[in-house]
Amino acid sequence: MRVRHKLRSLAGLAALALLAGCGAGGGAATGPGSANEPARGAALNAEGTPVSGGILRLSMNTDPLCLDPHAISSDVEQIFGHILTDNLVYLDEQGQPGPYLAESWQISPDGRTYTFKLRQGVTFSDGTPFDAEAVRVNFEHMLDPTTRSPLAGPYIAPYRDSKIIDAHTIEVHLSVAYSPFLDVLAQGWLGLLSPKAINETTPAQLCEKPIGSGPFVLTGYTKNQGVTFAKRPGYDWAPPQLKQTGEAKLDGIEVSWVGQDAVRFNSLTGGQYQATGYVPAQNAAALKNNPEFVYANVNRIGLPYTVEFNTSRAPFDNLDVRRAFAAAVNVPAIVATLGFGERQQSTSYVDRVTKYYDPAVKLPGFDPKLANQLLDQAGWTSRNGDGYRTKGGKELAVQWPVSQAGTVSPIFDLIQAQVKSVGIRVNIQLLPSTQVTTLRYAGDYDLTYGVWHTNTPDVLYIKYASFSIPNAKRLGQNTSHLSDPQVDQWLDQARQTTDQATQQKLYGQVQARLAELVPGIPVYDNSVLWAFSRKLHNVSVDTSHGTPLFTYAWLEK
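Residues numbered from 1 in each chain as written. Predicted model: local features only at pLDDT ≥ 70, side-chain atom pairs only at ≥ 80, totals over all residues. Heavy atoms only, no water.

### Regarding the overall build of the protein
Each helix and strand in the protein was counted, giving 17 helices and 26 strands. Along the three orthogonal principal directions, the C-alpha set of the protein runs to about 70 × 55 × 45 Å. Taking the contacts inside the protein whose residues are at least 6 apart along the sequence as the reference set, 73% of them involve residues at least 24 apart. Positive and negative side-chain charges of the protein, numbering 47 and 50 respectively, have mean locations separated by a distance of 3 Å. (Helix = DSSP H or I, 4+ residues; strand = E, 2+ residues; numbered from the N terminus. Contact = heavy atoms within 4.5 Å. Lys, Arg positive; Asp, Glu negative; His and termini not counted. Charge placed at Lys NZ, Arg CZ, Asp CG, Glu CD.)

Structure, rendered in structure tokens:
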């Protein structure tokens, strides 16, 4: 066995240190060192003498419709996870896994066995003690097919079983060496729930009322309206990295879903809310220049905002059509139009801050002439009366289901107009978010879109490994349905190796291969924009997600 502090290098886990770089089309307002990008772990607006009391009113974007962190992939859990639950580990300011509910751990030389020593005296809010059995039940819950976990389950997919050594020591066995294991255990989606609640309630009931051990307790949830949390009396097991102990300062947190960008911004500046987890990019400048607010724009590890092709069906099962579509889209112009100086143009299938990001990999750029050549090459040589290409009497048209919840991004209309110039019709389908989700997991679309944030380069496995293609048993996130044996092999090897040089080579090869296969169009790097009133103090920057952490935040009287 090796000691804990050596295991980080053995595992080859992703560092969270921010790398330099501003995109060609995204403006220079974001990026490390900019005034509004605080360091991970930093406490913002920390001045003043803390006082207890008060309810924080927080606006969020979209209700995930389930609050079981193991059963959803919503980014809401990046904030909620550390309100309601605790994790086994917490990353420090350098991105290294540190103690939390696990006080220490050891890893076997083959990387397949993790032995955790657990903190004593911790309880869930229903009174159930936190112990080795609780950890075992949580791992089993994440992988239970009935949970249909889209994220927590895949993140610990190599988990095989656990052996309880004693009440506060557990030996976790993996089927293969899995280098991202400790990192993912720090994420909000892997917060630990009461084993009593897991065992004695249905999945639907757990979605409505998950029970954790965190600094706040869920007291109310009305779908599509909001969530309320109350301070947990007696809480005293926050991660040491926060350098504070004891109960939360706030009496509670009231969360409202505010989908419309303009409403969310105006209700923040108007004082209805004291914080928002989603600042619209177009309103960032106003908040930066307003002395009554603190604004943060934090770059994140993972997949950039990407327009994805469904490669499993026509017309995007044809590589030439995918390359043509990508060449017809003017990404720099889109980022300049939509980013308002707050976004950086993507240059790869991972964000720049992701470990093993390879700047040598080049994405194909805007080239309408090439797009037309490729479409001719693919046999789409004729045009109908509307100017769209046809082949065998069939129009080259693709379906793009888009959620109508909240503010609909103009990116869809921009891309629709740009590809029309080369003869591709894009039918944008504005639908309820639940219907879009249903279509997405059924594979019934031609285009989809989104970002994927995690805290390791293993995001490439989540998004592009064949294992991650959604099916009846698993809500995987390979929504491009890419299935490439070479990509699968490299990603599997990267997960299993403990050598960082080998990992760097493998992840670089995957990025280069994706640039050839064109499963999507990376548009801009994913950063999280949030803001809060200066009457709210001591808001920390979460080290895994870059989101606001309210454990010891306090409100002026």
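### Remarks on helix α8 (residues 261–269)
All of the buried residues in α8 are D261, R264, F265, S267 and L268. For α8, the secondary structure elements touched by its buried residues are β2 (55–60), β12 (275–276), α9 (284–288), β13 (293–299) and β22 (527–533). Count one or two residues on from α8 and you reach G271, which has phi positive near 95°. (Buried < 20%, exposed > 50% of the residue type's maximum accessible area, 1.4 Å probe, protein only.)

### Regarding the sheet that holds β2
Sheets are built from strands paired through backbone hydrogen bonds, the pairs being either parallel or antiparallel. The strand order β9-β10-β11-β2-β12-β22-β13 describes an open sheet built from seven strands, whose pairing is mixed. The outermost strands of the open sheet, each flanked by one partner alone, are β9 (216–222) and β13. Pairing between β9 and strand β10 (residues 226–231): six bridges, direction antiparallel. Across the sheet, the residue bridging to V217 is A230, located in β10. (Pairing = 2+ DSSP bridges.)

### Things to note about the packing of helix α11 (residues 331–339) against helix α13 (residues 411–420)
Where α11 meets α13, the closest approach of the two axes is 11 Å, and the angle between their N-to-C directions is 155°. If you check the angle between α11 and α13, you find them roughly antiparallel. Like other packed secondary-structure pairs, α11 and α13 cross with a definite hand, here right-handed. Contacts from I334, T337 and L338 of α11 reach α13 at I411, L414, I415 and Q418. When its residues are assigned to classes, the contact of α11 with α13 shows five nonpolar, two polar and no charged. (Axes fitted to C-alpha atoms, helices over the stretch in contact; angles between N-to-C directions. Parallel < 35°, antiparallel > 145°, perpendicular 65-115°, else oblique. Left-handed = near helix turned anticlockwise from the far one by under 90°. Nonpolar A, V, L, I, M, F, W, Y, C, P; charged D, E, K, R; others polar.)

### What about the layout of surface pockets?
Space inside the second largest pocket adds up to approximately 310 Å³. Together, 24 residues line the second largest pocket, and Q345, S346, L363, P364 and G365 are the ones closest to its centre. Among the elements of the structure, α11 and β21 (520–524) are those that each provide at least two residues to the lining of the second largest pocket. Counting residues per element, the lining of the second largest pocket draws most heavily on β21, at three residues. For the lining of the second largest pocket, the residue count by class is 16 nonpolar, six polar and two charged. (1 Å grid on protein atoms, 1.4 Å probe; cavity = no way out; pocket = protein on both sides within 12 Å on 5 of 7 lines; lining within 4 Å. Points joined across faces, edges and corners; volume = space filled by probe spheres on them.)

### Digging into the environment of I253
Mapping I253 onto the fold places it in strand β11 (residues 252–257). Distance in space between the C-alpha atoms of I253 and G54 is 8.7 Å, their sequence separation being 199 residues. In contact with I253, not counting residues within four places along its chain, are I55, L56, L58, I83, F216, V227, T228, F229 and F550.

### A look at the pattern of salt bridges
Within the structure shown, the criterion is met by 19 salt bridges. Taking the shortest distance from any N to any O, the salt bridge between E247 and K231 comes out at 3.9 Å. Taken as a pair, E247 in the loop between β10 and β11 and K231 in strand β10 lie far apart in primary sequence, 16 residues in all. Connected via shared salt-bridge partners are K231, E247 and D251. (Salt bridge = Lys/Arg side-chain N within 4 Å of Asp/Glu carboxyl O.)

### Some details on the packing of helix α10 (residues 319–328) against helix α12 (residues 368–377)
Put simply, α10 and α12 touch, their axes get as near as 8 Å, and they point 160° apart. On the basis of the axis angle, α10 is roughly antiparallel to α12. The chirality of how α10 crosses α12 is left-handed. Residues D320, V321, R323, A324, A327 and A328 of α10 touch α12, and the partners they reach there are P368, A371, L374, L375 and Q377.

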